[in-house]
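Coordinate inspection notes
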Amino acid sequence: FRAEVYWRDSSAFRHRVGASMDDSTIFKTNDGWLFAGEDNYTKYNGAVRVRAVIKMDFWFGCYMQSGKYFYDVRCISLTRDEPFFAARLELSRNGYLGLYIPENDRSPPTEAQLWQLDSFDPKGRKPGDWMHGLTLRNARGQAVKRLYKDNFPYLSVGGSGEEGSVTMNVVQVGEGYLFP
């Protein structure tokens, strides 16, 4: 299924999850970090975008293991010209959530690349369904938190951070692997 994803913090504000895109440098170490907060990151120099938060939908490829659902989560980009085409949600070495472009976008996910959504059953969902209060967990069961670092609202696992929940708006169902 395909869904819009929102982070809901303890004050009940809902922020659309996007990813960072920094055009101010040729070094791409600032691209693809998940962003879940008020957009104080996007900057323009006149009419030219210097950096931005790219809002996007996510595709959830469903797998079942030992009676539990796991998901291969990817950015929805409709063409290969998009900056995060087929990028997969993964953890950095430091525990931050980011979008990583696989060498082969048809490769199946490894166990470490799978995610869990507590209390979510994908069966019977239809476009327009809203699901609230979900906990996103990595494959090892660690809950995702929001961590502000240098005024950037990262999503991360392990360590410190503010607990919150995921809200999803289902946009499309029954869609297999979208990336040609």
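Our subject is the structure that appears above.
Report follows, based on the coordinates. (Residues numbered from 1 in each chain as written. Predicted model: local features only at pLDDT ≥ 70, side-chain atom pairs only at ≥ 80, totals over all residues. Heavy atoms only, no water.)

Further remarks concern the overall build of the chain. Looking only at helices and strands, the chain has 0 helices and 16 strands in total. Looking at the chain as a whole, 46% of its 180 residues are labelled buried. Looking at the chain alone, contacts between residues at least 24 apart form 58% of all its contacts between residues at least 6 apart. Accessible area of the chain: about 9500 Å², with a carbon and sulfur share of 49%. (Helix = DSSP H or I, 4+ residues; strand = E, 2+ residues; numbered from the N terminus. Buried < 20%, exposed > 50% of the residue type's maximum accessible area, 1.4 Å probe, protein only. Contact = heavy atoms within 4.5 Å. Areas by Shrake-Rupley, 256 points an atom, 1.4 Å probe, with all protein chains shown as cover.)

Take the nonpolar core next. Grouped together as the largest cluster of nonpolar side chains are 32 residues, with contacts concentrated most on L34, F58, F60, L97, L99 and M168. Those residues within four positions of F58 in sequence are excluded, and the remaining contacts are F1, R2, A3, V5, V17, L34, V73, R74, C75, I76 and L99. Counting residues in each nonpolar core, the second largest holds 7 residues, with F35, V53, L147 and Y154 among its members. (Core = buried A, V, L, I, M, F, W, Y, C linked by side-chain atoms within 4.5 Å.)

Taken as a whole and judged by the stated rule, the model has 11 aromatic pairs. One Lys or Arg, R14, reaches over the ring of Y6 and ends 4.8 Å from the middle of that ring. (Phe/Tyr/Trp six-rings, centres within 6.5 Å; stacked < 30°, edge-to-face > 60°. Lys NZ or Arg CZ within 6 Å of the ring centre and 35° of its normal.)

Phi is positive for D150, which is not a glycine, with a value near 55°. Within the secondary structure layout, D150 lies in the loop between β14 (144-149) and β15 (152-157). The phi angle at N151 is positive, at roughly 65°, despite the residue not being glycine. Looking at the secondary structure, you find N151 in the loop between β14 and β15. By relative accessible area, which is 53% here, N151 ends up exposed.

Overall, the coordinates contain 8 salt bridges when judged by the stated rule. Residue D57 is joined to R2 by a salt bridge in which the shortest nitrogen-to-oxygen separation is 2.6 Å. Within this pair, whereas D57 is found in strand β7 (residues 57-65), its partner R2 is found in strand β1 (residues 2-8), the two being separated by 55 residues in sequence. Like R2, D57 is buried. Members of the salt-bridge network, linked through shared partners, are R2, R16 and D57. (Salt bridge = Lys/Arg side-chain N within 4 Å of Asp/Glu carboxyl O.)

Another aspect to go through is empty space enclosed by the protein. All chains considered together, the criterion is met by 1 cavity of 30 Å³ or more. Forming the boundary of the largest cavity are 13 residues, of which V5, L34, F60, L89 and L136 lie nearest the centre. Elements that contribute at least two residues to the lining of the largest cavity include exactly β1, β7 and β16 (165-172). Tallied by class, the residues present in the lining of the largest cavity amount to 13 nonpolar, no polar and no charged. (1 Å grid on protein atoms, 1.4 Å probe; cavity = no way out; pocket = protein on both sides within 12 Å on 5 of 7 lines; lining within 4 Å. Points joined across faces, edges and corners; volume = space filled by probe spheres on them. Nonpolar A, V, L, I, M, F, W, Y, C, P; charged D, E, K, R; others polar.)

Counting through the fold element by element, T167 comes out in strand β16. Aside from chain neighbours lying at most four places away, what touches T167 is E4, V5, Y6, R8, R14, W130, M131, H132 and G133.

Another point: the side chain of R2. Classification of R2 by relative accessible area gives buried; the value is 19%. Contacts of R2, omitting those with residues within four sequence positions, involve D57, F58, W59, I76, N169, V170, V171 and Q172.

Looking now at the environment of S160. Following the sequence through the fold, S160 ends up in the loop between β15 and β16. Taking the C-alpha atoms as reference points, S160 and Y148, separated by 12 residues in sequence, lie 9.7 Å from one another. Apart from the residues within four sequence positions on either side, S160 is in contact with K145 and L147.

This next bit is on the pairing of β15. Burial runs high along β15: 6 of the 6 residues are buried. Side chains F152, Y154 and S156 of β15 all project onto a buried face; the interleaved residues P153, L155 and V157 project onto the opposite face, where all are buried too. Relative to β15, β14 runs antiparallel, the two sharing 6 bridges. Its bridge partner lying in β15, V144 is registered against V157. The hairpin formed by β14 and β15 contains 2 residues between the paired strands, and D150 there has a positive phi angle of roughly 55°. (Pairing = 2+ DSSP bridges.)

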